[in-house]
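Tertiary structure, described
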Amino acid sequence: MRGDFVWGVSTSSYQIEGAVRDDGRGPSIWDTFCGQEGRIANGDTGDVACDHYRRYGEDVALMRDLGVGAYRFSLAWPRVLPDGTGAANAMGLAFYDRLIDALLAAGIAPWLCLYHWDLPQALERRGGWTVRESAAWFADYAALVARRYGDRVKRFATFNEPAVFTLFGYGVGGHAPGIRNREACLKAIHHVNLAHGAAVDVIRSTVPGASLGAIHNYQPVVAASDAPADRKAAQVFDALWNGAFPDPQLLGHYPPAIADEMLPWQQPGDLERIRRPVDWFGLNHYAPHYIKADSGSPIGCGSADPPPHLPRTGIGWTIEPDAFRETLLTVGKRYGLPVYVLENGMSAPDRVDATGAVDDPDRIAYLRSYIGALREAVAAGADVRGYFVWTLLDNFEWTWGYSQRFGLVHVDFASGRRTPKASARWYAEMIRDARGVR
Ligand code: FCB
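Residues numbered from 1 in each chain as written. Predicted model: local features only at pLDDT ≥ 70, side-chain atom pairs only at ≥ 80, totals over all residues. Heavy atoms only, no water.

1. Some remarks on the overall build of the chain
When you go through the chain residue by residue, the secondary structure sums to 16 helices and 13 strands. Here the C-alpha atoms of the chain give a radius of gyration of 20 Å, agreeing with the 22 Å that 2.2 N^0.38 yields for 438 residues. Per-residue burial for the chain yields a buried fraction of 61% across its 438 residues. The contacts of the chain with a sequence gap of at least 6 include a subset with a gap of at least 24, amounting to 76%. Accessible surface, the chain: about 16,100 Å² in total, of which carbon and sulfur atoms supply 51%. Of the charged side chains in the chain, 45 are positive and 50 negative, and the gap between their average positions amounts to 3 Å. (Helix = DSSP H or I, 4+ residues; strand = E, 2+ residues; numbered from the N terminus. Rg over C-alpha atoms; globule rule 2.2 N^0.38 Å. Buried < 20%, exposed > 50% of the residue type's maximum accessible area, 1.4 Å probe, protein only. Contact = heavy atoms within 4.5 Å. Areas by Shrake-Rupley, 256 points an atom, 1.4 Å probe, with all protein chains shown as cover. Lys, Arg positive; Asp, Glu negative; His and termini not counted. Charge placed at Lys NZ, Arg CZ, Asp CG, Glu CD.)

Set out below in structure tokens:
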């Protein structure tokens, strides 16, 4: 491992901030979605979440105790631009000033992600990612952020997991804004790619020394059976999930399985607009996808049950560190960029015990095995430069609400009280050992 290997933690705005109506923040599509009956487990919402908007100082102190060198977080677009475009919200901008300054004072490098799914509702009303203009809205937002924070922030990611919010948000409708339509999904894919390219150019020209990338959830796709329909479905899903963003952004073309379908939304020069030079590949990885044909789905495929013998995490995702090692090697070879793992971790039903401690041996075992797989990939030649645990705090896990605890730090959602779990101590020690401090 390189001496400058980065150990970090990641979070996202909607999942932790709360304060959704405070200090001038506008509504996001997730506020709206959470307000719709039946969308989120237990009717949970991000209204309060971890109250990070107020407790960010405590959270930065928790990270300092972990000894992480970097923190990846996202900005809530509707907090800084309540209507998505137009007038900026001074109080929203000032919040991220405070956060960034606290991180720097604690010796933690801020990694700023522009978009982790909380589109301003005002922009969804204008068509959201299904309209081409969305790329220009995003570029203007990126310019504002780059001008404001570029003196202190050098690491920028454009999008977190564009495959998730386009496929689930516009294709199958399980995520905000809840649209279930194949054409909407394909348009959104193309416009998000254009937005990525435009934002890369804007940040590059505004922030001297900026280091840029996008964050992709790249996971092996396994057909549920050898039946031709399942194999075909897995191929199409692989193109949509793994290829639809990195391929045009880094190789200049859409994956063959969807290339023709993407043509109607393209204008001459689009692929050059999308393929702008970036500095690294951001990888989020949890588990392989098991996929079967599903003619009832707008994208023609659906999730299948994984082989029953595989161990699973609390949320039901399989534990397969070998797949992580292979993914690191595949992605490095295919795209030829240094890789930063910007999310990996697991949920478990963690509880504070009678002594006030939270013992989470399964998470420690998981992290040990995945970090072990990462070390193997590096030994086999993968250029991996960092690893960020998902996530610092138990938080609002999208449609699962608060039922899934992914944090290194336990959060009591009634009081907001934070309790570092045993895995937090384990991670802190691992980082110290890796740095050779002990
Ligand atoms: C990823 C998301 C992140 C979190 C983890 C568990 O897909 O980027 O916000 O939900 O999964």
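That was the structure; now back to the text.
2. Details of the packing of helix 5 (residues 90–105) against helix 7 (residues 134–149)
At their nearest, the axes of helix 5 and helix 7 sit 11 Å apart, and the two run at 45° to each other. With respect to each other, helix 5 and helix 7 are oriented oblique. Remark: the crossing between helix 5 and helix 7 carries right-handed chirality. Facing Gly92, Leu93, Ala94, Tyr96, Asp97 and Ile100 of helix 5, the residues of helix 7 in contact are Leu144, Arg148 and Tyr149. Of the residues in the contact of helix 5 with helix 7, the class split is six nonpolar, one polar and two charged. (Axes fitted to C-alpha atoms, helices over the stretch in contact; angles between N-to-C directions. Parallel < 35°, antiparallel > 145°, perpendicular 65-115°, else oblique. Left-handed = near helix turned anticlockwise from the far one by under 90°. Nonpolar A, V, L, I, M, F, W, Y, C, P; charged D, E, K, R; others polar.)

3. Some thoughts on helix 9 (residues 182–206)
In this model, helix 9 (25 residues) spans 36 Å end to end at C-alpha, consistent with the 36 Å of a helix rising 1.5 Å per residue. Structurally, the start of helix 9 carries an N-cap: the backbone nitrogen of glutamate 183 is 2.9 Å from a side-chain oxygen of asparagine 181. (Expected span 1.5 Å × (residues − 1). Polar contact = N/O pair within 3.5 Å; in protein donor to acceptor, adjacent residues only side chain to side chain.)

4. Here's the deal with the environment of isoleucine 189
Structurally, isoleucine 189 can be placed in helix 9. The exposure class assigned to isoleucine 189 is buried, which follows from its relative accessible area of 0%. Placed 22 residues apart in sequence, isoleucine 189 and leucine 167 show a C-alpha to C-alpha distance of 8.3 Å. Setting aside chain neighbours within four positions, we find isoleucine 189 in contact with Thr166, Leu167, Leu240, Ala244, Phe245, Tyr254 and Met262.

5. Considering the sheet that holds strand 8 (residues 289–293)
Here we have three strands laid out as an open sheet, ordered 6-8-9, and mixed in their pairing. A single partner strand is all that each edge strand has here, and the edge strands are strand 6 (221–223) and strand 9 (301–303). Strand-to-strand twist of the sheet, defined as the mean angle between neighbouring strand axes without regard to direction, takes the value 40°. As defined by bridge partners, strand 8 adjoins strand 9 across three bridges and the pair is classed as antiparallel. (Pairing = 2+ DSSP bridges.)

6. Details of the sheet that holds strand 2 (residues 70–74)
The strands that make up a sheet are held in pairs by hydrogen bonds between backbone atoms, and each pair lies either parallel or antiparallel. If you trace the eight strands once around the closed barrel, you get 1-2-3-4-5-7-10-11, paired in parallel fashion. For this sheet, the mean inter-axis angle between neighbouring strands, taken without regard to orientation, is 25°. Here strand 4 (residues 155–160) runs beside strand 5 (residues 211–217); their pairing, made up of four bridges, is parallel. By the bridge assignment for strand 5, asparagine 160 is matched with isoleucine 215.

7. Focus: the packing of aromatic side chains
Aromatic rings in a pair are described by how distant their centres are and how their planes are angled relative to each other. What the rule picks out here adds up to 45 aromatic pairs. Taking the centre distance of 5.9 Å and the plane angle of 50° together, the rings of tryptophan 317 and phenylalanine 406 count as tilted. Of this pair, tryptophan 317 sits in the loop between strand 9 and helix 14 (321–335) while phenylalanine 406 sits in the loop between strand 11 (384–390) and strand 12 (409–411); the two residues are 89 residues apart in sequence, bridging distant segments of the chain. A relative accessible area of 33% means that tryptophan 317 is categorised as partly exposed. Cation over ring: arginine 79 sits above phenylalanine 95, and NZ or CZ is 6.0 Å from the ring centre. (Phe/Tyr/Trp six-rings, centres within 6.5 Å; stacked < 30°, edge-to-face > 60°. Lys NZ or Arg CZ within 6 Å of the ring centre and 35° of its normal.)

8. Describing the site of the ligand
Every residue close to the ligand is listed here: Gln15, His116, Trp117, Asn160, Glu161, Tyr286, Trp317, Glu343, Trp390, Glu397, Trp398 and Phe406. Between an oxygen atom of the ligand and a side-chain N or O atom of asparagine 160, the distance comes to 3.0 Å. Between glutamate 343 and the ligand, the recorded distance is 2.9 Å, taken from a side-chain N or O atom to an oxygen atom. Coverage of the ligand by the protein chains reaches 94% of its 290 Å² of free accessible surface. Considering only residue class, the shell around the ligand consists of six nonpolar, three polar and three charged. (Near = heavy atom within 4 Å.)

9. Thoughts on the pairing of strand 5
Counting buried residues in strand 5 gives seven out of seven residues, a clear majority hidden from the surface. Where burial is concerned, the two faces of strand 5 agree: the one with Ser211, Gly213, Ile215 and Asn217 and the one with Leu212, Ala214 and His216 are both buried. Bridge analysis of strand 5 against strand 7 (residues 280–284) gives five bridges, and the strand direction is parallel. Along strand 7, the bridge assignment pairs isoleucine 215 with glycine 282.

10. A few points about the state of the cysteines
Enumeration over the complete set of coordinates arrives at zero disulfides. Between cysteine 50, a free cysteine, and cysteine 34, which holds the nearest cysteine sulfur, the sulfur-to-sulfur gap is 14 Å. For cysteine 50, a relative accessible area of 1% puts it in the buried group. Cysteine 301 carries a free sulfur, and the closest cysteine sulfur to it, the one in cysteine 185, is 9.9 Å from it. (Disulfide = S-S within 2.5 Å.)

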